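Descriptive analysis of the structure
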Amino acid sequence: QVQLVESGGGLVQAGGSLRLSCAASGRSFSSYDMGWVRQAPGKEREFVAAIRGGASTYYTDSVKGRFTISRDNAKNTVYLQMNSLKPEDTAVYYCAAAFVLTYYRPQEFNYWGQGTQVTVSS
């Protein structure tokens, strides 16, 4: 069992930056593939970024070069650094954990946080 708590969301102007954090409780954090998924109003959940236990990373095309996912296994925490934010990045961002990610789809995650709102104004 893993419990996830996100923080760091908020309101920012276009072009600005935010850093999301996700604190995990439970054992074997380092063995989980971790990721961030977002959901904008009226839209389906969208896979944003993932980092495997071995630290390899994956990004959806729309955030490549702007977002960076990282993890600190000693602190049981995963981060999402978001730079050059755009209004279309506005969404609720969820931290999630998977036993293993194969296709980088939201359905593959086993545990979810409660979400944190990110709003980017134009």
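An account of the accompanying structure is given in this report. (Residues numbered from 1 in each chain as written. Predicted model: local features only at pLDDT ≥ 70, side-chain atom pairs only at ≥ 80, totals over all residues. Heavy atoms only, no water.)

Under the defined criterion, the tally for this structure stands at five salt bridges. Arg38 is the partner of Asp89 in a salt bridge, and the nearest nitrogen-oxygen pair spans 2.9 Å. One end of the pair, Asp89, is in the loop between strand E8 (77–82) and strand E9 (91–98); the other, Arg38, is in strand E4 (residues 33–39), and 51 residues separate them in sequence. Among the residues examined, Asp89 registers a relative accessible area of 1% and is labelled buried. Salt-bridge contacts for Lys64 lead to Asp61; the nearest nitrogen and oxygen are separated by 3.0 Å. Where salt bridges share partners, they join Arg38, Glu46, Arg66 and Asp89 into one cluster. (Salt bridge = Lys/Arg side-chain N within 4 Å of Asp/Glu carboxyl O. Helix = DSSP H or I, 4+ residues; strand = E, 2+ residues; numbered from the N terminus. Buried < 20%, exposed > 50% of the residue type's maximum accessible area, 1.4 Å probe, protein only.)

This structure, assessed with the given rule, holds one disulfide. What pairs with Cys22 in a disulfide is Cys95, and their sulfur atoms sit 2.1 Å apart. Judged by the sign of its S-S torsion, about -80°, the cystine formed by Cys22 and Cys95 is left-handed. Residue Cys22 is located in strand E3 (residues 18–25), and its partner Cys95 is located in strand E9; the two are separated by 73 residues in the primary sequence. (Disulfide = S-S within 2.5 Å.)

One open sheet accounts for four strands, arranged E1-E3-E8-E7; its pairing is antiparallel. Of all the strands in the sheet, just strand E1 (3–7) and strand E7 (67–72) have a single pairing partner and so form its edges. Strand-to-strand, the axes of this sheet are offset by a mean angle of 15°, without reference to chain direction. In the sheet, E3 pairs with E8 via six bridges, with the strands oriented antiparallel. By the bridge assignment, Leu20 is partnered in E8 with Leu80. (Pairing = 2+ DSSP bridges. Axes fitted to C-alpha atoms, helices over the stretch in contact; angles between N-to-C directions.)

On E7, burial follows the alternation: Phe67, Ile69 and Arg71 on one face are buried, whereas Thr68, Ser70 and Asp72 on the facing-out side are not. Here E7 runs beside E8; their pairing, made up of six bridges, is antiparallel. From the neighbouring strand, Asp72 faces E8, where its bridge partner is Thr77. Here E7 folds back onto E8, and the loop between the two strands holds four residues, one of which, Asn76, carries a positive phi near 50°.

Here we come to the side chain of Thr60. Locating Thr60 in the fold gives a position in the loop between strand E6 (57–59) and E7. Contacts of Thr60, omitting those with residues within four sequence positions, involve Glu46, Phe47 and Val48. (Contact = heavy atoms within 4.5 Å.)

Ranked by internal contacts, the top residues of the largest apolar core, which has 30 residues, are Leu4, Met34, Trp36, Leu80, Met82 and Tyr93. Secondary structure elements with two or more residues in this core: E3, E4, strand E5 (46–51), E7, E8, E9 and strand E11 (116–121). Core analysis: the next-biggest nonpolar cluster, separate from the first, contains seven residues, Val37, Phe47, Ala98 and Leu101 among them. (Core = buried A, V, L, I, M, F, W, Y, C linked by side-chain atoms within 4.5 Å.)

Evaluation of the coordinates by the stated rule reveals nine aromatic pairs. Taking 4.1 Å as the distance between ring centres and 10° as the angle between the ring planes, the aromatic pair formed by Tyr58 and Tyr104 counts as stacked. Note that Tyr58 is positioned in strand E6 and Tyr104 in the loop between E9 and strand E10 (111–112), a separation of 46 residues in sequence. Taking 5.9 Å as the distance between ring centres and 85° as the angle between the ring planes, the aromatic pair formed by Phe99 and Tyr111 counts as edge-to-face. Here Phe99, found in the loop between E9 and E10, pairs with Tyr111, found in strand E10; they are twelve residues apart in sequence, far enough to count as distant. Ring-pair connections join several aromatic residues into one group, and the members of that group are Phe47, Tyr58, Tyr94, Tyr104, Phe109 and Trp112. Positioned above the aromatic ring of Tyr94, the side-chain terminus of Arg45 is 4.2 Å from the ring centre. If you follow Arg45 out to its NZ or CZ, it ends over the ring of Trp112, 4.4 Å from the centre. (Phe/Tyr/Trp six-rings, centres within 6.5 Å; stacked < 30°, edge-to-face > 60°. Lys NZ or Arg CZ within 6 Å of the ring centre and 35° of its normal.)

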